[in-house]
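Listed below, chain by chain, are the residues.
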Amino acid sequence: MDKKQWKTVAISAATLLLLFLLVIWVFRDHYQEILRNIQAVSIRELLLLLGMGLAYQMLESAVCFAMIRRRLPTFSYRQAVEVTFLGVFGNVSTLSVGSVPMQSYYLHHCGMMTGCGIGTMMLEYIFHKSSVLIYTTVMLLFQGRWLSETGRGFSRYIPLGYGICALIIAALVLLCAWEKVQWFASWVIDHLPNTEKWEGRKRLWKDNLSSLHTESPKLLHDHWCLLKVLLFNCLKLFCLYTIPFLCMEILGISGPSFWHVQLLTALMHLISNALPNVAGVGPVEFAFVLIFSHYMEYAQASSALILFRVATFFFPFILSILVFLRAQRRVLNDSQKT
């Protein structure tokens, strides 16, 4: 590895260490019991959880593949996997701000126009948010009575999660479909500071707006693609929401049933999406303990949370480092050839 790649590895390792220390500090009052619970997990059980976490990323890659392939016929599923993990890497290592630019640059290298790539990634985000909202609503329709009887301690957070998630979706949809909203957003961008640093950002943001407005009607008219995206999103959420139940089974926790955990995890996901986060950390941990500590002891909920985050956050981030280094080396080699 060259100096640039070593720097990437060092920054990523420092990020992982910092997040690990943060977890220890948050659960310092119950760390002994949590440690005992985690130590009881076998290698086979841990591999099962990691496999489920990987399955979620593979289904996320299937969504990416379905959306990109319609505009770039040469795009492969392997490249979709790399785009997905580059998003994971950018979300953590750049504190969320570099995720879409990193993915769009890779897509540009694959032959897709930069603006088109950014527009597609933003549309994928909209469909993800919409799927979370739909999945949670379906779960509530079938299990709302049970939740009203058992979840009064956190039920006040549910309207907040619904409201903010719906507002984000509505704002992005209007930005895609309504020219007046796009004009207003462009006007706001034009009135940002006229410094050299801001001029580049303003041009980029306006290009992104234009690309989003151009891409959205094309995708919405492709009903087969929309059906595949919705199906894969539902499957990936089902996979993600199954992991907490497996964590509780592995830890021997006598908690809610499988479908009740599906509902509770969907609510956790919805509430966490409504809260600000740094590098994907904070809201998930808060919402998970908030909800599941009503159905089990705090240390048990914390133990399940740690296993859940190992499978869905730490392990995918480690894999994303390898993907980033591989993609970086390939892009640099191709650049030198040309």
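Everything quoted here is computed from the prediction, not taken from an experiment.

Conventions we followed
- Residues numbered from 1 in each chain as written.
- Predicted model: local features only at pLDDT ≥ 70, side-chain atom pairs only at ≥ 80, totals over all residues.
- Heavy atoms only, no water.
- Helix = DSSP H or I, 4+ residues; strand = E, 2+ residues; numbered from the N terminus.
- Buried < 20%, exposed > 50% of the residue type's maximum accessible area, 1.4 Å probe, protein only.
- Contact = heavy atoms within 4.5 Å.
- Areas by Shrake-Rupley, 256 points an atom, 1.4 Å probe, with all protein chains shown as cover.
- Axes fitted to C-alpha atoms, helices over the stretch in contact; angles between N-to-C directions.
- Parallel < 35°, antiparallel > 145°, perpendicular 65-115°, else oblique.
- Left-handed = near helix turned anticlockwise from the far one by under 90°.

**Here's the deal with the overall build of the protein**
Point 1. When helices and strands are tallied, the protein shows 13 helices and 0 strands.
Point 2. Mapped in sequence order, the helices and strands of the protein form the string α-α-α-α-α-α-α-α-α-α-α-α-α.
Point 3. Counting only residues that meet the buried cut, the protein has 48% of its 338 residues in that class.
Point 4. Intrachain contacts of the protein at a sequence separation of at least 6 include 74% that bridge at least 24 residues.
Point 5. Of the roughly 17300 Å² of accessible surface on the protein, a fraction of 67% belongs to carbon and sulfur atoms.

**Some thoughts on the side chain of Glu285**
Point 1. With respect to the helices and strands, Glu285 occurs in helix α12 (residues 283-292).
Point 2. Not counting residues within four places of it along the chain, the set of residues in contact with Glu285 comprises Leu305 and Arg309.

**Quick look at the packing of helix α4 (residues 77-93) against helix α5 (residues 99-110)**
A packed helix pair is summarised by two numbers, namely the angle formed by the two axes and the spacing between the axes.
Point 1. α5 packs onto α4 with a crossing angle of 155 degrees between their chain directions and a minimal axis gap of 7 Å. In terms of orientation, α4 lies roughly antiparallel with respect to α5. In this structure, α4 meets α5 at a crossing whose hand is right-handed. Together, Arg78, Gln79, Glu82, Val83, Thr84, Leu86, Gly87, Phe89, Gly90 and Asn91 of α4 and Ser99, Met102, Gln103, Tyr106, Leu107 and Cys110 of α5 make up the contact between the two elements.

Everything listed here is a matter of coordinates, which is why it stays silent on function.
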